[in-house]
Amino acid sequence: MKIVIPGGTGQVGTVLKRALAAAGHEVVVLTRHPRCEGEVHWDGQTLGPWAAEVDGSDVVINLAGRTVSCRYTPANLREMMDSRVDSTRVVGAAIAGAARPPRVWLQMSTATVYAHRFDAPNDEATGVIGGTEPGVPDYWAYSVEIAKAWEQAQQQAATPATRKVALRSAMVMSPDPGGVFAVLLGLARLGLGGPVAGGAQYVSWIHEHDFVRAVEFLIDRQDIAGPVNLAAPHPLPQRAFMRDLRSAWGVPVGLPATRWMAEVGAFVLRSDTELLLKSRQVVPGRLIEEGFEFQYTRWPQAANDLVGRVRERVGAGSAARRRCMPEPPAPPAAP
């Protein structure tokens, strides 16, 4: 198959491109800064020559949008909104104008669309959409508005020949440098991976292998459309999540952090506390109902696998550096 991935140069795009190319598919990434073979320029806003890649393709997986790993200032929130909605609209326009449109359009969305809650999990059928929860910062509601507008832009696209699926994804955990798992593991290794503000807030996650397998499952299942939660079946409180991650690496203690300490840490990391404090108790109702089987259902199993692969990569890197070091000079011959 030919698979086009707009915005595919980030962590999730890297995971998908690696796996789909290894499976023998032709993968084209649309990016503002093409650097590698298989990357094509686009601006994420206007139609251009890149639309020819969509015409005749089998699958489009749109991941475009400004990263959420930033301070949630008004300007950054506006850019998050615009980059997601504009890119989705223009992808829809390219599909609508194609002589041979793709058979399926998978559109990235987010589990953040659901409410901050502790009482029950959110699935697609009974989950509570957020934005009106009492006692949370106002800008959390704007994050929900971004998610809703993102999905609405796909729904409104006139693409009758193309099935549309919105991927309400939890955090995708992979051992690649720079991803969310690397950040969390770095905190754990420093002894900072304790409970934040008590740690009762739920963390939803999905292992990279299950994310890829779920995407492949949704490509093949022509009867599935609309929102689908991409999250492992068992979200867990943040304090347990970090405890299991520390255990996988072998760190016995994680210092707890109050809400104000989390604010300071997020500021230093140029991130935002919503990513730490919002309770995302999201479960994959539709995937399970349709017969998808997860390989990594519980976090300790996934954490052990990911940590093991990080250790292997670090070890391989050290071995490669040793191989590249010049041999020490021979000792002088005895007189």
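Only a predicted model underlies this, so the values are computations on that prediction, with no experimental measurement involved. (Residues numbered from 1 in each chain as written. Predicted model: local features only at pLDDT ≥ 70, side-chain atom pairs only at ≥ 80, totals over all residues. Heavy atoms only, no water.)

A.B. asks: Help me out: how do you make sense of the sheet that holds strand β6 (residues 163-169) in this one?
C.D. replies: If you trace the seven strands from one edge of the open sheet to the other, you get β3-β2-β1-β4-β5-β6-β10, paired in parallel fashion. On the outer flanks of this sheet lie β3 (39-41) and β10 (226-230), each paired with one strand and no other. Between one strand and the next, the sheet's axes are offset by a mean angle of 25°, whatever the strand orientation. Here strand β4 (residues 59-62) runs beside strand β5 (residues 104-108); their pairing, made up of four bridges, is parallel. Bridged to I61 within β5 is L106. Across the sheet, helix α6 (residues 208-220) lies against β4, β5, β6 and β10, angled at about 160° from β6, the strand it touches most. (Pairing = 2+ DSSP bridges. Helix = DSSP H or I, 4+ residues; strand = E, 2+ residues; numbered from the N terminus. Axes fitted to C-alpha atoms, helices over the stretch in contact; angles between N-to-C directions. Contact = heavy atoms within 4.5 Å.)

A.B. asks: Where do I start with the environment of A158 in this structure?
C.D. replies: Mapped onto the secondary structure, A158 falls in the loop between α4 (138-156) and β6. Residue classification places A158 among the exposed positions, given a relative accessible area of 57%. With 65 residues separating them in the primary sequence, A158 and A93 have C-alpha atoms 7.9 Å apart. (Buried < 20%, exposed > 50% of the residue type's maximum accessible area, 1.4 Å probe, protein only.)

A.B. asks: Before we go on, may I ask you to explain the packing of helix α1 (residues 11-22) against α6 in this structure?
C.D. replies: Angle between the axes and distance between the axes are the two parameters that describe a pair of packed helices. At a closest axis distance of 10 Å, the pairing of α1 and α6 adopts a crossing angle of 65°. Looking at the two axes, α1 sits roughly perpendicular to α6. Read as a crossing pair, α1 and α6 show a hand that is right-handed. Between α1 and α6, the residues in contact are V12, V15, L16, R18, A19 and L20 and E208, F211, V212, V215 and E216, respectively. Grouping the constituent residues of the contact of α1 with α6 by class yields eight nonpolar, no polar and three charged. (Parallel < 35°, antiparallel > 145°, perpendicular 65-115°, else oblique. Left-handed = near helix turned anticlockwise from the far one by under 90°. Nonpolar A, V, L, I, M, F, W, Y, C, P; charged D, E, K, R; others polar.)

A.B. asks: I keep staring at the nonpolar core and nothing clicks. Help me out?
C.D. replies: A general tendency of soluble globular proteins is for nonpolar side chains to be buried together. By size, the foremost hydrophobic cluster in this structure holds 32 residues, and its most contacted members are L16, I61, L218 and L230. When contributions to this core are tallied by element, the ones reaching two or more residues are β1 (2-6), α1, β2 (26-31), β4, β5, β6, α6 and β10. At seven residues, the largest contribution of residues to this core is made by α6. Discounting chain neighbours no more than four positions away, the residues touching L16 are I5, I61, L63, F211, V212 and V215. Counting 23 residues, the second largest nonpolar core, distinct from the first, contains L185, M242, V251 and W299. (Core = buried A, V, L, I, M, F, W, Y, C linked by side-chain atoms within 4.5 Å.)

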